[in-house]
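Each chain is listed here by its residues.
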Amino acid sequence: MWRITTIVAAAAIALAVLLPLIWMLLASLRPEQDIVTSPPTLWPRSFTLEHYADIWKELPFATLYRNTVVFAATVTVVSLFFDSMAAYALARLDFRGREAVFVIVLIMLMLPFQITLVPLYDLLNNLGLVNTFTGMIVPRATNAFGIFFLRQFFLSLPKDLEEAARVDGASEWRIYWRVVLPLARPALLTLGLFHFQFNWNDLLWPLIMTSDTSRATLPAGLSLFMGQHVTQYGLLMAGAVLSLLPVIVLFLLIQRSFVQGIATTGLK
């Protein structure tokens, strides 16, 4: 009886979590008049694929998709590289001021991004980097959460392999690249998913940094369907479904490493 109750409760919670996604998918498959009808219904009265066809005409959707892939993927790769180097230094290297640097990282982790948004934009504008991929990517080249996350994982790794590599004459860079990073693959994949999802869905920063659709990302482009007086729900839902697919595919590919990275981070 307890097992049946647990399964029913888990199914109800899963349905509640998935309900907005189900509504989004079904709304993208129904005519606009059916979406705004009253009273609303979950199941469409009729199905159509016109929204998926029209969205490519209403917006330069392919350009927005390409820009989002370039922005999110580049930030993910670059940030993983710099985050892992900083985390390795804080976890394994003994240098003066290490604890102070770690405290500064924690302060940056707790500092809202909106506080630094205006001075950061002013700096990039003076450098002529507004409405460029460089201006969008460079400020995201490292992340306080990523440094903290990987540092905690590196602390959980045994030092025996590193000591053996030092005895064999390996440099710190070789130990970091050939010993530590392969062991940290679950944590790197987990953090990579976090970075990719955050930057893929980010609206504020790309919206501030771009002045036209040539460098705009999907969240900024989809916001154009939400006007002051009229909202094109069908097109908005179709775009949201298409923008969700890469994140779902990425999660399905690394879900085992994702769970392993979450479960082991911070254990010593």
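Scroll up a little and you will see the structure.
Just so we're clear, the structure is a prediction, and the values are computed from it rather than from any experiment. (Residues numbered from 1 in each chain as written. Predicted model: local features only at pLDDT ≥ 70, side-chain atom pairs only at ≥ 80, totals over all residues. Heavy atoms only, no water.)

Enquirer: Describe the packing of helix H10 (residues 172-183) against helix H11 (residues 185-201), with residues and values.
Expert: Where H10 meets H11, the axes come as close as 4 Å, and the angle between the chain directions of the two elements is 70 degrees. Judged on the interaxial angle alone, H11 and H10 are roughly perpendicular. Residues Leu181, Pro182 and Leu183 of H10 pack against Arg185, Pro186 and Leu188 of H11. Here the contact of H10 with H11 is composed, by residue class, of 5 nonpolar, no polar and 1 charged. (Axes fitted to C-alpha atoms, helices over the stretch in contact; angles between N-to-C directions. Helix = DSSP H or I, 4+ residues; strand = E, 2+ residues; numbered from the N terminus. Parallel < 35°, antiparallel > 145°, perpendicular 65-115°, else oblique. Contact = heavy atoms within 4.5 Å. Nonpolar A, V, L, I, M, F, W, Y, C, P; charged D, E, K, R; others polar.)

Enquirer: Help me get a handle on the layout of surface pockets, residues and values and all.
Expert: Taking a probe equal in size to a water molecule and rolling it over the atoms shows the remaining empty space. Counted as a void, the largest pocket has a volume near 720 Å³. Taken together, 26 residues make up the lining of the largest pocket; nearest its centre are Met108, Phe113, Thr142, Asn143 and Ala144. Listing elements by their share of the lining of the largest pocket, those giving two or more residues are helix H4 (61-92), helix H5 (98-110), helix H6 (113-126), helix H8 (144-155), H11 and helix H12 (204-209). Residues that form the lining of the largest pocket fall into these classes: 17 nonpolar, 7 polar and 2 charged. (1 Å grid on protein atoms, 1.4 Å probe; cavity = no way out; pocket = protein on both sides within 12 Å on 5 of 7 lines; lining within 4 Å. Points joined across faces, edges and corners; volume = space filled by probe spheres on them.)

Enquirer: How would you explain the packing of aromatic side chains if you had to name every residue and give the values?
Expert: Counting across every chain of the model gives 16 aromatic pairs. Here tryptophan 56 and phenylalanine 61 contribute two aromatic rings whose centre-to-centre distance is 4.9 Å and whose plane-to-plane angle is 80 degrees, an arrangement assigned as edge-to-face. A relative accessible area of 1% means that phenylalanine 61 is categorised as buried. Three or more aromatic residues joined by ring pairs form one cluster here, namely Phe81, Phe82, Tyr88, Trp173, Tyr176 and Trp177. When the ring centre of phenylalanine 113 is taken as reference, the NZ or CZ atom of arginine 140 above it lies at 5.4 Å. Positioned above the aromatic ring of phenylalanine 102, the side-chain terminus of arginine 151 is 3.8 Å from the ring centre. (Phe/Tyr/Trp six-rings, centres within 6.5 Å; stacked < 30°, edge-to-face > 60°. Buried < 20%, exposed > 50% of the residue type's maximum accessible area, 1.4 Å probe, protein only. Lys NZ or Arg CZ within 6 Å of the ring centre and 35° of its normal.)

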